Amino acid sequence: MYRTHTCGELNLSKIGAQVTLAGWVQTIRKFGAITFVDLRDRYGITQLLFNEELTLQLEKNSIGREFVLQATGIVKERSNKNLKIATGEIEISITNYSILNKSITPPFTIQDDTDGGDELRMKYRYLDLRRNEIKKNLELRYAVNRAARNYLHQQGFMDIETPFLIKSTPEGARDFVVPSRMNPGEFYALPQSPQSFKQLLMVSGYDRYYQIVKCFRDEDLRADRQPEFTQIDCEMAFVEQEDILQTFEGLVKNIFKEVNQIDYKEKVERISWDDAMWNYGNDKPDTRFELKVQNLKVKGENLCTTLEEIKFDVFNSAETVLAICIPNASEYSRKQTDELIEWVKRPQIGMRGLAFIKKGKDGILKSSFDKFINETQLNSFANYCNAQQDDLILILAGAEEKTRKAISDLRMEMAERLGLRNKNEFKLLWVFDFPLFEYNEEGNSWVARHHPFTAPKPSDIEIMINNDPKISNASKYLDHPYAKIKANAYDMVLNGNEIGGGSIRIHQRELQEKMFAALGMDIEEQLHKFGFLLGAFEYGAPPHGGIAFGFDRLCAILGGSESIRDFIAFPKNNAGRDVMLDAPATIDEKQLHELQIKLGSKKV
Ligand code: ASP
């Protein structure tokens, strides 16, 4: 037996007991002729005391950090207690020990405050994983996994595995492909999600399916994405949108309860996509705070009539003018407003400037465009924005989409500065009634906003059936009936992050064919890519729908972190590389030959 106890469990109740521990040397402190060693394992740290004779031995053996020791001794009360750790009131007076393995000096210190940079820690991830902080993250991840499984099991869901070597499932990204040696010249695709399989399982009668499953998407890795990531993937048959919302609110609430000990009693708010865009400029708004967007002019139409009276080119020439009122900020200095102007001009935001009005504590209004506006106009402008005393009204003007995104970014930035984004507070929101289609300028065509299996809202099915998807006038695509069709889809948002999304699916062959056709697929292409699904829909496919949660992101948010990488044992870097394995890597000629693959000249 290597050990009688772990390094995290001994306390005063075990005084006098003989114990054996095994673990890694965290620190060695020589104290005159004796030595203290902190021994670490997954469960904690225990102080070992080596007497004079054993200290000489330790020195002879050149014991250092990260050596693996097995040590036997007697539990003693410590004179110098450390009440911050569970084992801090005792130490083990060692009688004999052995070295189970040596360690060379690690490239960074294995402690909470490490001196290792990101790249180095990723290269030696197996050492990084010894650190408490990462260990806590993985423990949290496992707790979320358990809470999800417990809930779904209780609700009658069945975990069914689906294959990884498949044919493309479109989720809007590129596929990773795998060449088939047995079928030369042919390739599998790795699943972007198990979408088609979970729908087929509904056809097969497994009416409540789930899986905590890897998905693979070959996309440019913008901030904090991973080419392989994990979803809690779910599907149900004989359900309507309401059933799904109820069931999965329950899932997330159960996770809050089991993982964060939070009893989320509030009703989960719901907002339509239109309202989210209107009020927050964003379809995944953070609703922990208000700071709602004021729509002064939208797509060329002045909603605030004062804009018609003032001759201020910035507003007059803009397609859209939006504002937000920041409380307790009317005393912002010139320097502070200049800094905000620079902030909106940054390339990521891309605005040409920022106008503002201050409504002082005394109610007096002052604006950055006083030259162009009289007192009465300024008053009605501020009233339209619903400005309160001591508010700073920030106003952006420009093209619709860009301005809406910018006001949303500014809203988040100001909330951060005002300390309104408390990471210990959780606020859930359902967003629904998304547009079914998005316009694709390049092909003057429609693309599915979610994925092509999403059903239109029942009331909009007719519009889809009765209209030709062809867009004859590109500049007027918004007038096309398809632009108005809403999807029977929903996203779950937590603190401004989309943590899950799903939809009620199409389950009739004709409607699915119509959908594929709207996306520009002729019948041959449809049969080639999705013949199996169209076929399955002819054998009694039940009405069904589902959702998938981004498991990594959910863990990161629950753990109060911005980075999903901290919650993945072996993540990839921003270039999609595993720097520990040094993957991806070239393969040898023989393998290429077997796969009948010839490489072109390398791109530089
Ligand atoms: N398969 C979808 C996704 O990965 C989720 C769903 O519709 O259930 O986004």
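See the structure shown above.
Residues numbered from 1 in each chain as written. Predicted model: local features only at pLDDT ≥ 70, side-chain atom pairs only at ≥ 80, totals over all residues. Heavy atoms only, no water.

A few points about the sheet that holds strand 2 (residues 34-41)
Read around the closed barrel, the five strands follow the order 1-2-3-5-4; overall the barrel is mixed. Adjacent strand axes in the sheet meet at a mean angle of 55 degrees, parallel and antiparallel pairs treated alike. Sheet topology note: the strand 1 (residues 18-31)/strand 4 (residues 68-77) ladder contains seven bridges and is antiparallel. Opposite Ala22, over in strand 4, you have Gln70 as the bridge partner. (Pairing = 2+ DSSP bridges. Helix = DSSP H or I, 4+ residues; strand = E, 2+ residues; numbered from the N terminus. Axes fitted to C-alpha atoms, helices over the stretch in contact; angles between N-to-C directions.)

Some remarks on the sheet that holds strand 10 (residues 228-237)
Strand order across the open sheet formed by eight strands is 6-9-10-23-22-21-18-11, with mixed pairing between neighbours. Each edge of the open sheet is held by one strand with a lone partner, namely strand 6 (158-159) and strand 11 (269-272). Judged from the nine bridges that link them, strand 9 (residues 208-216) and strand 10 form a sheet pairing that is antiparallel. Within the sheet, the bridge partner assigned to Tyr210 lies in strand 10 and is Cys234. Helix 7 (residues 273-280) rests against strand 11 and strand 18 (428-432) of the sheet, and its axis sits at about 90 degrees to strand 11. (Contact = heavy atoms within 4.5 Å.)

What to know about the site of the ligand
Taken together, 14 residues are adjacent to the ligand, and Glu171, Gln195, Lys198, Gln231 and Arg505 come closest. Between the ligand and Gln195 there is a distance of 2.7 Å, counted from a nitrogen atom to a side-chain nitrogen or oxygen. Contact with the protein chains hides 92% of the accessible area of the ligand, taken as 270 Å² for the molecule alone. Listing elements by their share of the shell around the ligand, those giving two or more residues are helix 5 (195-203), strand 22 (497-504) and strand 23 (544-550). Per element, the largest residue contribution to the shell around the ligand is three residues, and it comes from strand 23. Across the shell around the ligand, the residue classes break down as two nonpolar, eight polar and four charged. (Near = heavy atom within 4 Å. Polar contact = N/O pair within 3.5 Å; in protein donor to acceptor, adjacent residues only side chain to side chain. Areas by Shrake-Rupley, 256 points an atom, 1.4 Å probe, with all protein chains shown as cover. Nonpolar A, V, L, I, M, F, W, Y, C, P; charged D, E, K, R; others polar.)

A short note on the packing of aromatic side chains
Across all of its chains, the model carries 24 aromatic pairs by this definition. Here Phe312 and Phe372 contribute two aromatic rings whose centre-to-centre distance is 4.7 Å and whose plane-to-plane angle is 25 degrees, an arrangement assigned as stacked. You can see Phe312 sitting in the loop between helix 8 (306-309) and helix 9 (313-316) and its partner Phe372 sitting in the loop between strand 16 (365-367) and helix 11 (375-384), a full 60 residues away along the chain. Residue classification places Phe372 among the partly exposed positions, given a relative accessible area of 36%. (Phe/Tyr/Trp six-rings, centres within 6.5 Å; stacked < 30°, edge-to-face > 60°. Buried < 20%, exposed > 50% of the residue type's maximum accessible area, 1.4 Å probe, protein only.)

So, the layout of surface pockets
The space that makes up the second largest pocket amounts to roughly 560 Å³. Considering the residues around the second largest pocket, the lining is formed by 22 residues, among which Gln26, Arg40, Gly44, Ile45 and Asn132 are closest to the centre. Listed by contribution, the elements that provide at least two residues to the lining of the second largest pocket are strand 1, strand 2, strand 3 (44-50) and helix 4 (132-154). Residues belonging to the lining of the second largest pocket are distributed by class as follows: seven nonpolar, seven polar and eight charged. (1 Å grid on protein atoms, 1.4 Å probe; cavity = no way out; pocket = protein on both sides within 12 Å on 5 of 7 lines; lining within 4 Å. Points joined across faces, edges and corners; volume = space filled by probe spheres on them.)

What about the environment of Asp159?
Of note, Asp159 is situated in strand 6. Spatially, the C-alpha atoms of Asp159 and Asp233 are 9.7 Å apart, while their sequence positions differ by 74 residues. If near-sequence neighbours (up to four positions away) are discounted, Asp159 is found in contact with Arg149, Tyr210 and Gln211. Of the polar contacts made by the side chain of Asp159, one reaches the side chain of Arg149; its length is 2.9 Å.

Structural notes on the side chain of Gln199
The residue Gln199 is located in helix 5 in this model. A polar side-chain atom of Gln199 sits 3.0 Å from a polar atom in the side chain of Gln195. Here the side chain of Gln199 touches His544 through a polar contact of 3.0 Å, side chain to side chain.

Digging into the pattern of salt bridges
Overall, the coordinates contain 42 salt bridges when judged by the stated rule. For the salt bridge of Lys198 with Glu235, the shortest nitrogen-to-oxygen distance reads 3.5 Å. Here Lys198 is found in helix 5, whereas its partner Glu235 is found in strand 10, with 37 residues between them in sequence. Taking relative accessible area as the criterion, Lys198 reaches 1% and is therefore assigned buried. Using a relative accessible area of 0% as the deciding quantity, one classes Glu235 as buried. Three or more residues are tied together by salt bridges with common partners; here these are Asp118, Arg121, Arg125, Asp128, Arg131, Glu133 and Arg565. (Salt bridge = Lys/Arg side-chain N within 4 Å of Asp/Glu carboxyl O.)

These figures capture arrangement, not role.
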